[in-house]
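# Coordinates in review
Listed here are the chains, written in short residue letters.
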Amino acid sequence: MVDAAVLTKLEEGFAKLQASNSKSLLKKYLTKEVFDNLKNKKTPTFGSTLLDCIQSGLENHDSGVGIYAPDAEAYTVFADLFDPIIEDYHGGFKKTDKHPASDFGDVNSFANLDPNNEFVISTRVRCGRSMQGYPFNPCLTEAQYKEMEEKVSSTLSGLEGELKGKFYPLTGMDKAVQQQLIDDHFLFKEGDRFLQSANACRFWPSGRGIYHNDNKTFLVWCNEEDHLRIISMQKGGDLGEVYKRLVTAVNEIEKRIPFSHDDRLGFLTFCPTNLGTTIRASVHIKVPKLGANLAKLEEIAGKYNLQVRGTRGEHTEAEGGIYDISNKRRMGLTEYQAVKEMYDGIAELIKIEKSM
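Just so you know, these numbers come straight off a predicted model, no measurement behind them. (Residues numbered from 1 in each chain as written. Predicted model: local features only at pLDDT ≥ 70, side-chain atom pairs only at ≥ 80, totals over all residues. Heavy atoms only, no water.)

### Observations concerning the packing of helix α1 (residues 4-19) against helix α4 (residues 50-59)
Our working rule: Simply put, an axis is a line fit to the C-alpha atoms, just over the touching stretch for a helix, and the angle between two N-to-C directions goes from 0 to 180 degrees. By definition, any uninterrupted DSSP run of H or I lasting at least four residues is a helix, any uninterrupted run of E lasting at least two residues is a strand, and each is numbered from the N terminus. Crossing handedness is defined as follows: a turn of the near helix away from the far one that is anticlockwise and smaller than a right angle gives a left-handed crossing, while the clockwise case is right-handed. Whether two residues are in contact is decided by their heavy atoms, any of which lying within 4.5 Å being enough.
The interhelical angle for the contact between α1 and α4, taken along N-to-C directions, is 35°, at an axis separation of 10 Å. Crossing angle aside, the handedness with which α1 passes α4 is left-handed. Along its contact with α1, which presents V6, K9, L10, G13, F14 and L17, the element α4 presents L50, L51, I54, Q55, G57 and L58.

This is the structure in structure tokens:
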């Protein structure tokens, strides 16, 4: 049974959310009926409750989504809430749909989006992975955090060639290293209030770390929001090079660390917006003419399932007319298709910007 204090918190939080003018997907789909049906349920292995899933959205009414999975079983136990949110966010991925098998396609098929360096400042492709046999952040013990960091650090130190680099634990990091990582925009900070209220930052900075290669074009975050965030990036618009590096890295890491995968949802992640391919392919792009009319920029981006954010990512402004634009759909399509949506959309935005 779910204990009384948790139920009280749920009832109070639900009442406040209902009364609020929140635009979150949580508010949209957490009807009284769904709420009553789920409030007494727990996941079998870790005993996670509905409160563990929705606490962040109950505390932050300005959330866009407002829900996280405390462990992999939550996606099944609380499916009545997760499924419609997943369908809404991922552009119609229904509960009867099945995410296709992983397919990175022909890694040589993407060209440079901006060979003359007029528009694209930098290109980045990242994916998230969870390690098999471990729950997500809210259920991890400090010992598990440390054990995972150990596995990740020893795996990454075996990488060779372009991916060869160094692992930096956040625990005991010296000031000079810390400053260098901040200057490179590599260091992640303790989670924002959305992650804090989801209980994703416990035992900080235990078990957290950063790996980067010598060229600073390949980066792995260990135990930030997901167990692993694998990132490939570089200046300019050569998506082909960036994508190829990411795929090589993922394949190398997967040989040594088994990832959590679900037949219906694809690769499993803490936040339902990252499920499936988990791929976010993005550019920092300067489109001053289009940017002068943000509604138009967003409308064109929307046609290609792209998401427009401010320069420093989610919840930020565009600085100097530079936007962060990425693919939005991560489910119901392959990795290759997800990156291709971004490629085609950005090519179109550049074409329009040139013609204005």
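### Some details on the UniProt feature "domain: Phosphagen kinase N-terminal" (unreviewed entry) in the chain
Selection rule: UniProt positions are given in the numbering used here, feature names are shortened, and annotations may be inferred rather than shown by experiment.
The positions that UniProt labels "domain: Phosphagen kinase N-terminal" (unreviewed entry) are, in the present scheme, residues 6-91. Between the C-alpha atoms that bound residues 6-91 there is a distance of 33 Å. The span itself is 59% helix and 0% strand.

### Remarks on the environment of I121
Rule in force here: Throughout, exposure labels follow a simple rule: accessible area from a 1.4 Å probe, protein chains only, divided by the maximum for the residue type, with under 20% read as buried, over 50% as exposed, and the rest as partly exposed.
Following the sequence through the fold, I121 ends up in strand β1 (residues 120-129). Residue classification places I121 among the partly exposed residues on the basis of a relative accessible area of 30%. Residues contacting I121, with those up to four places away along its chain left out, are K235, G236, H284, K286 and I322.

### Comments concerning the packing of aromatic side chains
So the rule is basically this: The pairing test for Phe, Tyr and Trp rings, Trp by its six-membered ring, is centres within 6.5 Å, and the orientation test on the planes gives stacked under 30 degrees, edge-to-face over 60, and tilted for anything in between. Consider the ring centre and the ring normal. A charge sits over the ring if Lys NZ or Arg CZ is within 6 Å of that centre and within 35 degrees of that normal.
By the definition in use, this model includes eleven aromatic pairs. Ring geometry for F110 versus Y343: centroids 5.4 Å apart, planes at 50°, classification tilted. In this pair, F110 sits in the loop between α6 (79-89) and β1 while Y343 sits in helix α13 (residues 335-355), placing the two residues 233 residues apart along the sequence. When sorted by exposure, F110 lands in the same class as Y343, which is buried. An aromatic cluster of at least three residues, connected via ring pairs, comprises F104, F110, Y243, Y336 and Y343. Sitting over the ring of Y145, R208 keeps its end group 4.0 Å from the ring centre.

### Examining the nonpolar core
Among soluble globular proteins, nonpolar side chains are generally buried collectively. Cut-off, in case you're wondering: Residues enter a nonpolar core if they are buried and are Ala, Val, Leu, Ile, Met, Phe, Trp, Tyr or Cys, with the set joined through side-chain atoms within 4.5 Å.
The biggest cluster of nonpolar side chains holds 54 residues, and the ones touching the most others in it are F218, I253, I285, I325 and I346. At eight residues, the largest contribution of residues to this core is made by helix α10 (residues 239-256). Those residues in contact with I253, other than ones at most four positions away along the chain, are T155, L156, F218, V220, L228, I230 and F259. Listed in part, the 43 residues of the second largest apolar core include V2, L30, V34 and Y68.

### Some points on the pattern of salt bridges
Heads up, the condition is: Salt bridge, as used here, is a side-chain nitrogen of Lys or Arg placed within 4 Å of a carboxyl oxygen of Asp or Glu.
Scanning the model with the defined rule gives 18 salt bridges in all. Residues K255 and E252 are paired through a salt bridge, measuring 2.8 Å at the closest nitrogen-oxygen approach. In this pair, K255 and E252 are both assigned in helix α10, three residues apart and thus about one turn of the helix distant. Taking relative accessible area as the criterion, E252 reaches 24% and is therefore assigned partly exposed. Note that D344 and K340 form a salt bridge whose closest N and O atoms lie 3.0 Å from each other. Here the residue D344 and the residue K340 both occupy positions in helix α13, the gap between them amounting to four residues, near one helical turn. On the basis of relative accessible area, D344 is assigned to the partly exposed category, the value being 30%. One continuous salt-bridge network, built from bridges that share partners, spans E11, K32, D36 and K39.

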